[in-house]
Number of protein chains: 2
Amino acid sequence: MPINRRWVLARRPQGEPSRDDFRLERVEISGDAPQGSVLVRNRYLSLDPYMRLRMNEGRSYVPPYRIGETLGGQSIGEVIASGDPDFAPGDVVTGSGGWQDYALLPARTVRRMPQQGNLAAIAMPTWLGVLGMPGFTAWIGLSLVGTPRAGETVVVGAATGPVGSMVGQLARLTGARTVAIAGGAQKCALARNHFGFDAAIDHRADDFPQKLAQACPNGIDLYFENIGGPVLAAVLPLFNDFARIPVCGLIAHYNETIGSGEAQAPGMTAAALMREVLVRRLSLRGFIVSDHQAEHARFMEEVAPQVASGVIKGLEDVIAGLEQAPEALAGLLRGDNRGKVVVAIDDT
Amino acid sequence: MPINRRWVLARRPQGEPSRDDFRLERVEISGDAPQGSVLVRNRYLSLDPYMRLRMNEGRSYVPPYRIGETLGGQSIGEVIASGDPDFAPGDVVTGSGGWQDYALLPARTVRRMPQQGNLAAIAMPTWLGVLGMPGFTAWIGLSLVGTPRAGETVVVGAATGPVGSMVGQLARLTGARTVAIAGGAQKCALARNHFGFDAAIDHRADDFPQKLAQACPNGIDLYFENIGGPVLAAVLPLFNDFARIPVCGLIAHYNETIGSGEAQAPGMTAAALMREVLVRRLSLRGFIVSDHQAEHARFMEEVAPQVASGVIKGLEDVIAGLEQAPEALAGLLRGDNRGKVVVAIDDT
């Protein structure tokens, strides 16, 4: 009987998550897959900022993790037992395997990875980054507010992460001018040199708002919001009339006690934001990628070949060993990572 | 040579506008209309909250009034001299006549009032209310975010004003449940009995947020924002997933020093607002009616017959005499009015 290691939520974090907020359990599992399900040996696990949000209590778009619950997340692995005629042991699949070695998943919720053709050559971690939930998130967010037009200025935060880098690359392919916001000189260089942004601004610099304004001489037409806090405050005065703002995430606030507004820039009241919405006729639209699964096949059809051919690039920061997952998530929230954070589960 | 009385901006108000912020000038005018223009004797002047916003300095969607400039606004009057073949003396027209007895207007900017048929029976002040800019504003705002669907809950503030009452009536015609927010018991009764709202809540009551929640047992699907401040704070926790919010105005903030957020409810940070946008997948869309003139004919075609037949009701608070305009505007911002504020210019 295999032993399953799994990370569960031990308690709700206060601020940055610490090792003691998690507990690693070892439990025996049966090794069988009941009818309609598949048992998957996880190989790669995606770590994403929304996971920190699920560790908090309170109303959100997905239920919070319960205390003692195994943390969830997209994974890639091999089927080792199947209770479904569409899957057989050895199949490589992706699904919501979570922070553990083995996952028993409903067969209808997993998807087989490409086994042949150009797509089979794409590395597994990339399927969790620009071709995983984060890349799909970028693609959906842009489609909801109107694909950028040639000559428009598109700004995105966390620009070397898998969502931000995908937003920048998709926008650039439409002929837009793309401006990255990232933390530190190294990430700014990466944004320009690896992902092809036209400009990259370090949000940690004292003169960040001025530098951002200089990088957007024609204002901002589309801001892909995944940060909030001081970044939103710097972006707000730069909007052109009719600018569009897909609201994808607010990572600056995820370590806060909900509603405390600790990471809020001074003067950033709801009234100040609403005033710009009115005066500049802004469109803001919050979205959650899981509402848009019906469009996933179209995303894959359009984007996967561009990743295979190198037109769209990924970048993954692969962390060795499931044991490292809690610290890797904390690092991701601090911005320590370089690209998409993926845990290679086996490599202890 | 006729004498034109005109109200000009004497200085920028601090807070509520006072009599000394305005100056009444008397100037001789020529009585002629150069080619392409019409000289109009104003009879009715529309007073609207946006005028207070234009008295402030600073970036907005229309340029601020200059010191010494005659205040603008929609009016109805008679052509007394015409330099355009399409207009003749005696024609009754509407245009941007402003706070004065006589206006020289480009002929292409004025529109003749209906002279015959059902529409000719509609009272002049109504053409400045539900059939004027405010009514068109309500209609455009709803069209931009999707007309309410049967069974949805629609909430609107300043609900006995010409915008709010039109929003409620248009929404009710689609089968939505309509909830009015208004100031005081009398206006709440008016909202229910005259305008047909399903419920009306007094925002001045201590338990306003609780009462609003009780009036929206199925949450809020569409909130037409024309208030801001504490009303937005009370509405925010009640949104259903995918709720839509046309952002039309922020009257609670118009008497503030821009950006001071004096009327801001406690805890209403931009972050708190953005969190709901994300979690509830809200769509906010700021708009200005003047961007949508191309749709004006369609509005008239659809709505004017419904006003003529009494299906859609107006309500006007007619103030006698141009001299009263400054105090009437201050009263409008305090919510003293009952319905659409129109100044009858002659009746001193």
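Residues numbered from 1 in each chain as written. Chains lettered and ligands numbered in written order. Predicted model: local features only at pLDDT ≥ 70, side-chain atom pairs only at ≥ 80, totals over all residues.

J.: Can you walk me through the overall build of chain A in this structure?
T.: Per the secondary structure count, chain A includes nine helices and 15 strands. Taken over the C-alpha trace, chain A has a radius of gyration of 20 Å; the compact-globule value for 348 residues is 20 Å, and the two agree within 12%. With the principal axes as the frame, chain A shows a C-alpha extent of 60 × 45 × 35 Å. Taken over 348 residues, chain A has a buried fraction of 53%. Relative to all contacts within chain A whose residues are 6 or more apart in sequence, the contacts with residues 24 or more apart total 66%. (Helix = DSSP H or I, 4+ residues; strand = E, 2+ residues; numbered from the N terminus. Rg over C-alpha atoms; globule rule 2.2 N^0.38 Å. Buried ≥ 20, exposed ≤ 12 C-beta atoms within 10 Å, placed from the backbone. Contact = placed C-beta atoms within 7 Å.)

J.: Just checking my understanding: could you explain the packing of helix α2 (residues 133–145) of chain B against helix α8 (residues 296–308) of chain B for this structure?
T.: A pair of packed helices is captured by two measures, namely the crossing angle of their axes and the spacing between those axes. Residues and elements named next belong to chain B. Contact geometry for α2 and α8: axes closest at 10 Å, N-to-C directions at 100 degrees. Taken together, the axes of α2 and α8 lie roughly perpendicular to each other. Within the contact between the two elements, α2 uses Gly 135, Phe 136 and Trp 139 and α8 uses His 296, Phe 299 and Val 303. Class assignment for the residues of the contact of α2 with α8 results in four nonpolar, two polar and no charged. (Axes fitted to C-alpha atoms, helices over the stretch in contact; angles between N-to-C directions. Parallel < 35°, antiparallel > 145°, perpendicular 65-115°, else oblique. Nonpolar A, V, L, I, M, F, W, Y, C, P; charged D, E, K, R; others polar.)

J.: Please explain the domain arrangement of chain A as it appears in this structure.
T.: Accessible area lost on assembly of the parts is the figure often given for the size of an interface. Residues and elements named next belong to chain A. Assigned domains within chain A: domain 1 (3–129 + 315–344) and domain 2 (133–289). Once you take the C-alpha centre of each, domain 1 and domain 2 turn out to be 28 Å apart. Contacts between domain 1 and domain 2 engage 19 residues on the former and 16 residues on the latter. The element best represented in the side of domain 1 that touches domain 2 is helix α1 (residues 50–54), accounting for three residues. For the side of domain 1 that touches domain 2, the class distribution of residues is six nonpolar, eight polar and five charged. (Domains from an automatic or database assignment.)

J.: Just checking my understanding: could you explain unusual backbone geometry for this structure?
T.: For Arg281(A), which is not a glycine, the phi torsion comes out positive at approximately 55 degrees. Assignment of secondary structure puts Arg281(A) in the loop between α7 (270–279) and β13 (283–286). Overall, Arg281(A) belongs to the buried group, with 20 C-beta atoms counted inside 10 Å. Residue Phe242(B) is not a glycine yet carries a positive backbone phi of 65 degrees. Within the element layout of this structure, Phe242(B) appears in strand β12 (residues 239–247).

J.: Can you walk me through the relation of the copies chain B and chain A in this structure?
T.: Least-squares fitting of chain B to chain A yields an RMSD of 0.0 Å, with the superposition described by an axial translation of 0.0 Å and a rotation of 180 degrees. The symmetry that links the two subunits is that of a two-fold axis. A share of 100% of the interface residues of chain B reappears at the interface of chain A, consistent with the copies meeting face to face through the same patch. (Least-squares fit on C-alpha atoms with pLDDT ≥ 70 in both.)

J.: Can you help me understand the interface of chain B and chain A in this one?
T.: The interface of chain B with chain A comprises 35 residues on the first partner and 35 residues on the second. At the level of secondary structure, the elements contributing two or more residues to the side of chain B that touches chain A comprise α6 (229–235), α7 (270–279) and β13 (283–286) of chain B. At nine residues, α7(B) tops the list of elements feeding residues into the side of chain B that touches chain A. Each residue belonging to the side of chain B that touches chain A can be placed in one class, and the counts come to 17 nonpolar, twelve polar and six charged. In this structure, β13(A) lies alongside β13(B), joined through three bridges in antiparallel fashion. Directly across from Ser283(A), in β13(B), lies its bridge partner Arg285(B). (Pairing = 2+ DSSP bridges.)

J.: Honestly, the sheet that holds strand β11 (residues 220–224) of chain B in this entry has me stumped. Any pointers?
T.: Backbone-to-backbone hydrogen bonds pair the strands of a sheet. The strands run either parallel or antiparallel. In space, the twelve strands of this open sheet follow the order β10(A)-β9(A)-β8(A)-β11(A)-β12(A)-β13(A)-β13(B)-β12(B)-β11(B)-β8(B)-β9(B)-β10(B), with mixed pairing throughout. Only two strands of the sheet have a single partner each, and these edge strands are β10 (199–202) of chain A together with β10 (199–202) of chain B. When strand polarity is set aside, the average angle formed by the axes of neighbouring strands in this sheet is 15 degrees. Pairing analysis gives four bridges linking β12(B) to β13(B), with the strands arranged parallel. Bridge assignment links Pro246(B) to a residue of β13(B), and that residue is Arg285(B). Against the sheet, α2(B) makes contact with β11, β12 and β13 of chain B, and its axis sits at roughly 140 degrees relative to β12(B), the strand it touches most.

J.: What exactly am I supposed to notice about the nonpolar core here?
T.: One recurring pattern in soluble globular proteins is that nonpolar side chains are buried together. Residues Ala180(A), Val343(A), Ala180(B) and Val343(B) are the most contacted members of the largest nonpolar core, which totals 196 residues. If sequence neighbours within four positions are ignored, Ala180(A) has contacts with Val156(A), Ala159(A), Gly168(A), Cys188(A), Ala191(A), Phe197(A), Ala199(A), Ala200(A) and Ile201(A). (Core = buried A, V, L, I, M, F, W, Y, C linked by C-beta atoms within 7 Å.)

J.: Would you explain the environment of Ala213(B) in this entry?
T.: Residue and element names in this part refer to chain B. In this structure, Ala 213 sits in helix α5 (residues 208–215). With 17 C-beta atoms packed within 10 Å, Ala 213 lands in the partly exposed category. Along the sequence, Ala 213 and Ile 201 sit twelve residues apart, while their C-alpha atoms lie 9.9 Å from each other.

J.: In this structure, what is going on with helix α3 (residues 162–173) of chain B? I would like to understand it.
T.: Along an α-helix, residues three or four apart share an orientation, since each turn contains 3.6 residues. Residue and element names in this part refer to chain B. For α3, built from twelve residues, the straight-helix expectation of 16 Å at 1.5 Å per residue is met to within 8% by its first-to-last C-alpha distance of 17 Å. Among the twelve residues in α3, ten count as buried, and that is most of the element. Buried residues of α3: Pro 162, Val 163, Gly 164, Ser 165, Met 166, Val 167, Gly 168, Gln 169, Leu 170 and Ala 171, and no others. Just downstream of α3, Gly 175 is the residue with a positive phi angle, here 95 degrees. (Expected span 1.5 Å × (residues − 1).)

J.: Please clarify how helix α4 (residues 185–193) of chain B should be interpreted in this entry.
T.: All names here are of chain B. If you check which residues of α4 are buried, you get Lys 187, Cys 188, Leu 190 and Ala 191. Angularly, the buried residues of α4 cover 160 degrees about the axis, an arc narrow enough to put them on a single face. Those residues of α4 that are exposed and angled more than 90 degrees off the buried face are Ala 185, Gln 186 and Asn 193. Where the residues of α4 are buried, they touch β9 (177–182) and β10. (Arc of directions from axis to C-beta.)

J.: I'm lost on the environment of Ala304(A) in this one. Help?
T.: Residue and element names in this part refer to chain A. Looking at where Ala 304 falls in the secondary structure, it is placed in helix α8 (residues 296–308). Note on Ala 304: 21 C-beta atoms within 10 Å, which makes it buried. Ala 304 has contacts with Leu 119 and Leu 131, leaving out every residue within four places of it along the chain.

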